[in-house]
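If you want the building blocks of each chain, they are given just below.
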Amino acid sequence: MLVAKRKYSYYEENIPEREEKKQIENKTNRKNKKGDKLFFYKVQTIVTLLITATFCVGILAGYAEISKLKYEVNNLAKESKKAQSEINRLKVEIDKVKRSDLIEEKANTTLGMQYPEKRQMVFLEVDDFDLKRNLKQDTKIVEETSFMDVVKGTMGKMITSIKGNFNI
């Protein structure tokens, strides 16, 4: 039993040294584990902040683009209103120019025009057959001659037909 006691006592003698070593190792491991955890949390916090900042910048950029587009839409709406008012103004001017009473008044006052009297009117009778023949001849003339020649020819025909009606 002595041997066993010795082994046991030998074993007990070395236990405090091992325990000290284990305690020192545990302390360093705890410090390393705490340092590792602290480092991990710092990295995790930084990454989270970067992702959050990126999202915030993206959202702000989106709102900036939306504001820019709204500004452009408002400018286009203003231009559209101006164009529509210009269109309405021009329509009023066109209606004003088209009015027959204003045209008649201008013709009387500025140009000195009047309606023809009965004695100034000339009525012509044209046969349907002669009209078709004259049209065919006129188209041939137009193809062969210049514009002034056509006008002279037409005026000549009108004068001869007027002379024939009045027996001059």
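As the structure is a prediction and not an experimental result, all values here were calculated from the model. (Residues numbered from 1 in each chain as written. Predicted model: local features only at pLDDT ≥ 70, side-chain atom pairs only at ≥ 80, totals over all residues. Heavy atoms only, no water.)

## Let's talk about the overall build of the chain
Phase 1 of the analysis: If you tally the helices and strands in the chain, you get four helices and zero strands.
Phase 2 of the analysis: In the chain, the succession of α and β elements from N to C terminus is α-α-α-α.
Phase 3 of the analysis: Evaluated residue by residue, the chain yields a buried proportion of 1% over its 168 residues. (Helix = DSSP H or I, 4+ residues; strand = E, 2+ residues; numbered from the N terminus. Buried < 20%, exposed > 50% of the residue type's maximum accessible area, 1.4 Å probe, protein only.)

## Focus: the packing of aromatic side chains
Phase 1 of the analysis: Scanning all chains against the criterion turns up one aromatic pair.
Phase 2 of the analysis: Here phenylalanine 40 and tyrosine 41 contribute two aromatic rings whose centre-to-centre distance is 6.0 Å and whose plane-to-plane angle is 55 degrees, an arrangement assigned as tilted.
Phase 3 of the analysis: According to the relative accessible area criterion, phenylalanine 40 is exposed, its value standing at 51%.
Phase 4 of the analysis: You can call tyrosine 41 partly exposed: its relative accessible area is 48%. (Phe/Tyr/Trp six-rings, centres within 6.5 Å; stacked < 30°, edge-to-face > 60°.)

## Quick word on the pattern of salt bridges
Phase 1 of the analysis: Across all of its chains, the model carries three salt bridges by this definition.
Phase 2 of the analysis: Of the charged contacts, one joins arginine 89 and glutamate 93 as a salt bridge, the two residues approaching to 2.3 Å between their closest N and O atoms. Here the residue arginine 89 and the residue glutamate 93 both occupy positions in helix α1 (residues 2-98), the gap between them amounting to four residues, near one helical turn.
Phase 3 of the analysis: A residue is classified by how much of its surface remains accessible, and arginine 89, at 40% relative accessible area, is partly exposed.
Phase 4 of the analysis: Measuring nitrogen to oxygen at the nearest pair gives 2.9 Å for the salt bridge that ties arginine 99 to aspartate 101.
Phase 5 of the analysis: Looking at aspartate 101, the relative accessible area reads 40%, which means it is partly exposed.
Phase 6 of the analysis: Each member of the salt-bridge network shares a partner with another, and the members are Glu86, Arg89 and Glu93. (Salt bridge = Lys/Arg side-chain N within 4 Å of Asp/Glu carboxyl O.)

## Describing the environment of glutamate 125
Phase 1 of the analysis: With respect to the helices and strands, the residue glutamate 125 is situated in the loop between α2 (100-109) and α3 (128-144).
Phase 2 of the analysis: Residue classification places glutamate 125 among the exposed residues on the basis of a relative accessible area of 79%.
Phase 3 of the analysis: For glutamate 125 and serine 161, which are 36 residues apart along the polypeptide, the C-alpha to C-alpha distance reads 9.4 Å.

## Here we look at the confidence of the model for the chain
Residues shown with low pLDDT carry predicted positions that ought not to be read at fine detail.
Phase 1 of the analysis: For the chain, per-residue confidence averages 77 on the pLDDT scale, and 62% of positions sit at 70 or higher.
Phase 2 of the analysis: Within the chain, the lowest mean pLDDT, 58, falls on α3, and the highest, 84, falls on α2.
Phase 3 of the analysis: Taken as a whole, residues 8-12 scores under 50 in pLDDT and shows two contacts with residues more than four places along the chain or in a different chain. (pLDDT = per-residue confidence, 0-100. Contact = heavy atoms within 4.5 Å.)

## Observations regarding a nonpolar patch on the surface
Phase 1 of the analysis: There is a patch of nonpolar side chains on the surface, built from Phe39, Val43, Val47, Ile51 and Phe55 and spanning about 500 Å² of accessible area.
Phase 2 of the analysis: Positionally, phenylalanine 55 belongs in helix α1.
Phase 3 of the analysis: Residue phenylalanine 55 is classed as exposed on the basis of its relative accessible area of 57%. (Patch = residues over 30% accessible without salt bridge, like charges linked within 9 Å, V, L, I, M, F, W, Y side chains within 5 Å. Areas by Shrake-Rupley, 256 points an atom, 1.4 Å probe, with all protein chains shown as cover.)

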